[in-house]
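Geometric and topological summary
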Amino acid sequence: MKKSLVVLLVLFTMNSCAELQSVVDSLPQHGGILNNTDIASGLRQALDLGIEKQVTKLTKTDGFYRNELVKILLPKELQKVDKGLRDIGLGSLADEGLKALNRAAEDAVKEATPIFVNAVRDITFADAKNILMGTDDAATKYLTSKTQTSLYDKFHPVINNSFTKVGADKVWTNLINRYNAIPFTSKVNPDLTNYVTAEALKGVYTMIAVEEKEIRNSVGARSTDLLRKVFALQDKK
């Protein structure tokens, strides 16, 4: 009889503990329970701030050209073009060509900002908590992996239009023709639109990552209640 009573007492205690834990779990913690959906919303806000505060810097004059984090340099196959032109006293033309590539990127990012905003809005974080607890740029890396291919396809025609708009196409036609006219050089005919599209897109992700890192490491950068709640969880890791 005593044995039966002990068993019943244990079962009752276990059941009570389970109920108690259920009650505790339902109580607000640190301003409210944060589930995967809440954390995902916080990560999106961080990425949105990256676009609002950092990517917009790229749209200004010299936004790419004077920013060493994202400045577009010549691809390897065109470095010989740069050297060849400088060797014959056409360094200013080479500089103009490099600046034209960056001007095209600056103009294109200005036109394509809604593309990046939509990409963040539509992204689905399957495991938001693990991303939150990851590296300083974990959310940006996830965004990159999920959107890079589709954004490239959307961004490419914008870059192409910007090449014409800022006159980069004419600059580079003249530059390549000058280089190809140099005796004993191998002729070049690069696809600069593809190259600048990839480099400009890389620059966008780089600047989003800058803001994500700031939010992760500075409480003052968390400008909304949701950001404060979400990234407070990360602070405890």
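Because the structure is a prediction, the values reported are computed rather than measured.

Attention now goes to helix 7 (residues 168–180). Compared with an ideal rise of 1.5 Å per residue, which puts 13 residues at 18 Å, helix 7 spans 18 Å between its outermost C-alpha atoms and is within 8% of the ideal. Next to the buried residues of helix 7 lie helix 3 (76–87), helix 4 (91–122), helix 6 (138–165) and helix 8 (192–217).

Moving on to the layout of surface pockets. The calculated volume of the second largest pocket comes to roughly 170 Å³. Around the second largest pocket, the lining residues are Asn160, Phe163, Thr164, Asp169, Trp172, Thr173, Ile176, Asn189, Pro190, Leu192 and Thr193. Elements with a minimum of two residues in the lining of the second largest pocket: helix 6, helix 7 and helix 8. For the lining of the second largest pocket, the element with the highest residue contribution is helix 7, accounting for 4 residues.

A word on the packing of helix 3 against helix 7. For the pair helix 3 and helix 7, interaxial distance at closest approach is 10 Å and the crossing angle is 75°. For the element pair helix 3 / helix 7, the angle class is roughly perpendicular. For the pair helix 3 and helix 7, the contacting residues are Leu78, Lys80, Val81, Gly84 and Leu85 in the first and Trp172, Leu175, Ile176, Arg178 and Tyr179 in the second. Of the residues assigned to the contact of helix 3 with helix 7, the class counts are 7 nonpolar, 1 polar and 2 charged.

Quick look at the environment of Phe163 now. Of note, Phe163 is situated in helix 6. Sequence separation of Phe163 and Asp107 is 56 residues, and the distance between their C-alpha atoms is 8.8 Å. With sequence-adjacent residues up to four places away left out, Phe163 is seen in contact with Leu101, Ala104, Ala168, Asp169, Leu192, Thr193 and Val196.

Basis of the calculations
Residues numbered from 1 in each chain as written. Predicted model: local features only at pLDDT ≥ 70, side-chain atom pairs only at ≥ 80, totals over all residues. Heavy atoms only, no water. Helix = DSSP H or I, 4+ residues; strand = E, 2+ residues; numbered from the N terminus. Expected span 1.5 Å × (residues − 1). Contact = heavy atoms within 4.5 Å. 1 Å grid on protein atoms, 1.4 Å probe; cavity = no way out; pocket = protein on both sides within 12 Å on 5 of 7 lines; lining within 4 Å. Points joined across faces, edges and corners; volume = space filled by probe spheres on them. Axes fitted to C-alpha atoms, helices over the stretch in contact; angles between N-to-C directions. Parallel < 35°, antiparallel > 145°, perpendicular 65-115°, else oblique. Nonpolar A, V, L, I, M, F, W, Y, C, P; charged D, E, K, R; others polar.

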